[in-house]
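In case you want the letters, here they are:
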Amino acid sequence: MSNDATMATPAAGTDLGGAVSSGIGASVPAVDIPPKVEGTYPYASDLWAEGLLWAAVHRSPHAHARIIAIDTTAAEEMPGVRVVVTHEDVPGGSTHGRRIADRPVFAEDLVRHHGEPVAAVAADHPDTARLAAAAIAVEYEILDPVTDPQLAFSAEPLHPDGNLIRHIPLRFGDEAVTGEVVVEGVYRIGRQDPAPIGAEAGLAVPRPDGGVEIYTASTDPHADRDTAAACFGLEPERVKVVVTGVPGATGDREDRSMQLPLGLLALKTGCPVKHAAGREESFLGHAHRHPTLMRYRHHADATGKLVKVEAQILMDAGAYADSSADALAAAVSFACGPYVVPHAFVEGWAVRTNNPPAGHLRGEGAMQVCAAYEGQMDKLAAQLGLDPAELRMRNVMATGDLLPTGQTVTCPAPVAELLTAVREAPLPPLPKDLPQEEWLLPGGPEGAGEPESVRRGVGYGLGMVHMLGAEGADEVSTATVRVDGPVATVMCAAVDHGQGFSTLARQIVQEVLGVDEVNVAPIDTDQPPAGPATHGRHTWVSGGAVERAAKMVRTQLLQPLAQKFGMSAELLTIADGKITSYDGVLSTTVAEALDGKELWATAQCRPHPTEPLDETGQGDAFVGLAFCAVRAVVDVDVELGSVKVVEMAVAQDVGKVLNPRQLATRIEAGVTLGVGAALMENLRTQDGIVRHPDFAGYPLPTALDAPAIRIVKLIEERDVVAPFGAKPASAAPVVTSPAAVAAAVRAATGRPVGRLPIRPQAVIPQQ
Amino acid sequence: MLPSSLEEAAAALATTPAAVPVAGGTDLMASVNAGLLRPTALVGLGRISEIRGWHYQDGHALLGAGLTHARMGRPDFAALIPALAGAARAAGPPQIRNAGTLGGNIITGDRTGDALPALAALEADLIIVGPDGALRELPVSHLLGGVDMLRTGELIGFVRAPLLHAPQVFMKATGRTGPGRAIASVALVLDPARRGVRCAVGAVGPAPMRPLEAEQWVASLIEWDAGRRLAPEALQAFGEYVAASCIPDPEEGTLPAAAQHLRRTVAALARRALGRALS
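It should be emphasised that the depicted structure is a prediction, and the values quoted were computed from it without experimental measurement.

### Re the domain arrangement of chain A
Residue and element names in this part refer to chain A. Per the domain assignment, the segments making up chain A are domain 1 (45-143 + 200-276), domain 2 (292-470 + 612-763) and domain 3 (476-605). On a C-alpha basis, the centres of domain 2 and domain 3 stand 38 Å from each other. Approximately 1,500 Å² of surface area, both sides summed, lies buried where domain 2 meets domain 3, with 67% of it carried by carbon and sulfur atoms. When the area that domain 2 buries against domain 3 is broken down by residue, the three leading residues are Leu 468, Pro 723 and Phe 724, summing to 35%. Where domain 2 packs against domain 3, one counts 0 salt bridges.

Right, here's the structure in full:
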């Protein structure tokens, strides 16, 4: 089964949904679009409470230093300052962290990265708070920072937990085997920042019972609540996290370095406290993508069939562990890519340094290794004199093949079909074949580009990524569906950070219950947990929970009618607010069937369990996998080194299309994020100090940088274990696009291109 | 304060010397938002219509300091001073070009300011309005080079740029396709009346640089009365001459790799700019 969808952006949107107007498969527009466009969408930074105070955080100006003394007197004596808090004021557990609790709320004896929180202030004016935070006198003894992850192994421990966060020595097959052809390469990936469109912001309001409510753009409210409660020394019931407008996220939002001080300040002062981070604080405060250094050796036979892959993967986790252990597991497991590799030996390390902490960013781990193994495939093709796409075709995996972790790929894995689709897609015209007014050369309109210096390159990338949490993570989600009259309500703590879950939940209920008006309730931690909004989880587990709850309500609604009509409930259909029997003879309206009653049901969805990787990197660690093929077409100005991505052709394995327009948007967003990582996004540091934490120093792709994105094929092969058979779609293009861009630049310039983002110097052919 | 004439603006600055004049605010407000600047008062220049356009005087255009980049980018302006129009079109995304002004670009004096090499190549002068409404003139290069500064209460009223009636080119390299800060930029103007080529390189130093020897050398090669063409080798040599004079070899050792790349970039820009001007 496949769906040939030829959509070229930005002209997409005319006929994506076919005839359906609601329910599964319809191009229902996302519900938050109109308020966001009209400026009425309430972002977290718009929060207000009567008599609120403003917070400011004092952050470390050093990457590595010992704290000798903290003197808060000057700050406390400033008029308008209500309270100053430091590590001494944290009543509960003093460390927190996503997977490993190794991060203090406020630095105590050591600061381990630039921007680490040391103290916080609440004052009656934001400027007073900022000045007071600057007036906190911290005496530091500056220590040498460890900024090269390769030196972390031999350096003095930066943390009581040591410098090695995780080591996975994956062994699969026979180490003695060698290939007739061997290629080696070194690859480096830079530090991409999530750069959310809205910086971190929140409001903490104390409760009469001694608890606190935190209003913030959380993407994992229950985990945030538990962390906050532990740090405040409160029972979880007395802390409530209320999710307010999330202004977009490329993973989950690392807001805890702001939430925790806010809650503490509110508890101390008994007043509501607000904080809205500026862009610089945002860059310093949240986690980034892991800069990664990889060494690869690929062995193949004379026909290009892969024999063995040896790799070393070193991920720079920065000062704290965060989710680095998970990122490393993904990197090691997918180190060979979607190819059949009979023997694989991969050593992976995640190490601690004094660089900014790394954490979750869409496709973490998988994206870094994709750039490396695809670079190796290009090298191998060059060595063998083969077409790069042909070499890949000879090695692609399919359902039933093994990952190097020993796990059998049981889900659909249509990699060959995906590659064929992008290979066969028509190529975009060359600039010289277009009218001169339409030329868009590297350098942009009015730019310095000259046709004689521009070379075109075409490159391929194949990538894979896991969906849902891995290695035994409990991926449960709970949802409640209620029908009252003509209106249905969904209650599920799954945060919509732009992935479109609230629109999808609405479609699911429309599909199952035939009710047009569906409300999605606001989210807080009084609801049962739904888990973090990462790894496409919510489409799968929360979507599954919503569907199950809706079906239970449907049964409650139809059972009495079925008895009355004297037929099985399965023979009744609901559509447009009417219930009709299979033969159309008997019918009634939903309102009549409800008879003034309110029906509701709560259901859970929990996918099949996974297991951690063992000491040789073996284990069934993943619930599901998604695959993607990208063909990049680039123009490179070989004198100036500027690169223009002309077109990205994407073929993706999506299981089932639930909302065509939303799906296309997610793929386009993923490709653009990947193009950013390939060409420009890199948060630079010098000796651990973040340079240029602003959008002048950290460029993001604009509409002019973003390529035309052509979705050439969406393969709809149901994944039988997933609700609706759908695979989450956001991460796979992020993983694959950087590798494809690098391959295309290689083809255009003949340079090896081992480092992302690609620097202008690295694409100028050497004389 | 929102004066509606230059005179009123000068008076407002005289009475409140701590006030900061603001036009588009694209640089100033960014500094305010970043907490680098907390002006006690602002003098908004947006209502002064006399500096939002331009007029002519003795073969020169008197450009109002409040001309936006968007306005300078339009075809009618491009026909007058193509180098400045090119710089204005390359200066950032549309939102910035709609608000940012010529005067603001000069007074901010950022090394990557796009209008600056164009003004340096044009050898433009500033007309400064003093506190008592008195006018004085100041070459742009003197202000940018720190030779002369604005005094308290002064503001830029106009920029006087020559109308040369010959090809002019502005080019910048950003490494990307979308709007970005210049890695290097080159403005090049031909002055057929004086048989001169004037070229300025932006973004590689604190202020635009003029490779005077390279200009004179290449001007002597051009047959001004017959076709104004140059051989590709001459264009290439000009580019390298310009680049070497802006980024000279160090006294000892070799240039670091990044500087070598910058030099190649400047050479390519200067070669292409002259090629386009002579084509």
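### Focus on the interface of chain B and chain A
With 20 residues of chain B at the interface, the matching set in chain A holds 31 residues. Taken over both partners, the interface formed by chain B and chain A buries close to 2,000 Å², and the fraction arising from carbon and sulfur atoms is 47%. On the chain B side of the interface with chain A, the three residues burying the most area are B:Arg176, B:Thr177 and B:Arg272, jointly 37% of the side's total. Residues B:Arg276 and A:Glu450 are paired through a salt bridge, measuring 3.6 Å at the closest nitrogen-oxygen approach.

### A closer look at empty space enclosed by the protein
Think of a ball as big as a water molecule: rolled over the atoms, this probe shows where empty space is left. Residue and element names in this part refer to chain A. Going through the model one piece at a time under the given rule, you end up with 8 cavities of 30 Å³ or more. Quantified by volume, the largest cavity comes out at close to 500 Å³. Around the largest cavity, the lining comprises 35 residues; the ones closest to its centre are Gly 536, Thr 539, Pro 728, Ala 729 and Ser 730. Elements supplying a minimum of two residues to the lining of the largest cavity: strand S19 (454-467), helix H11 (501-513), helix H12 (537-565), helix H14 (660-679) and helix H15 (731-749). Within the lining of the largest cavity, the residues separate by chemical class into 14 nonpolar, 16 polar and 5 charged. The residue makeup of the lining of the largest cavity includes at least three contributed by each of domain 2 (292-470 + 612-763) and domain 3 (476-605).

### A look at the pairing of strand S26 (residues 598-605) of chain A
Each regular strand carries side chains that alternate between the two faces of the sheet. Residues and elements named next belong to chain A. With burial as the criterion, only one face of S26 is covered, namely that bearing Leu 599, Ala 601, Ala 603 and Cys 605; the residues Glu 598, Trp 600, Thr 602 and Gln 604 on the opposite face remain uncovered. Examined bridge by bridge, strand S20 (residues 477-484) and S26 share 8 bridges and lie antiparallel to one another. Looking at S26, one finds that Thr 480 is bridged to Thr 602.

### Topic: unusual backbone geometry
In this model, A:Leu756 is joined to A:Pro757 through a cis peptide bond whose omega is -5 degrees. Not every positive phi belongs to a glycine, and A:Asp322 is a case in point at roughly 50 degrees. Relative to the assigned elements, A:Asp322 resides in the loop between strand S17 (306-316) and helix H7 (324-333). Classification of A:Asp322 as buried rests on a relative accessible area of 4%. You will see that B:Ala203, though not glycine, has its phi angle at about 75 degrees, which is positive.

### Brief notes about the packing of aromatic side chains
Residue and element names in this part refer to chain A. What the rule picks out here adds up to 10 aromatic pairs over all chains. Ring plane angle 85 degrees and centroid distance 5.7 Å describe the contact between Phe 153 and Trp 349, whose orientation is recorded as edge-to-face. Note that Phe 153 is positioned in the loop between strand S9 (137-142) and strand S10 (164-172) and Trp 349 in strand S18 (residues 343-351), a separation of 196 residues in sequence. For Phe 153, a relative accessible area of 43% gives the class partly exposed. Relative to Phe 695, the ring of Phe 283 lies with its centre 5.6 Å away and its plane at 75 degrees, an arrangement referred to as edge-to-face.

What counts, and at which threshold
- Residues numbered from 1 in each chain as written.
- Chains lettered and ligands numbered in written order.
- Predicted model: local features only at pLDDT ≥ 70, side-chain atom pairs only at ≥ 80, totals over all residues.
- Heavy atoms only, no water.
- Domains from an automatic or database assignment.
- Buried area = accessible area lost by both parts, 1.4 Å probe.
- Salt bridge = Lys/Arg side-chain N within 4 Å of Asp/Glu carboxyl O.
- Contact = heavy atoms within 4.5 Å.
- 1 Å grid on protein atoms, 1.4 Å probe; cavity = no way out; pocket = protein on both sides within 12 Å on 5 of 7 lines; lining within 4 Å.
- Points joined across faces, edges and corners; volume = space filled by probe spheres on them.
- Helix = DSSP H or I, 4+ residues; strand = E, 2+ residues; numbered from the N terminus.
- Nonpolar A, V, L, I, M, F, W, Y, C, P; charged D, E, K, R; others polar.
- Buried < 20%, exposed > 50% of the residue type's maximum accessible area, 1.4 Å probe, protein only.
- Pairing = 2+ DSSP bridges.
- Phe/Tyr/Trp six-rings, centres within 6.5 Å; stacked < 30°, edge-to-face > 60°.

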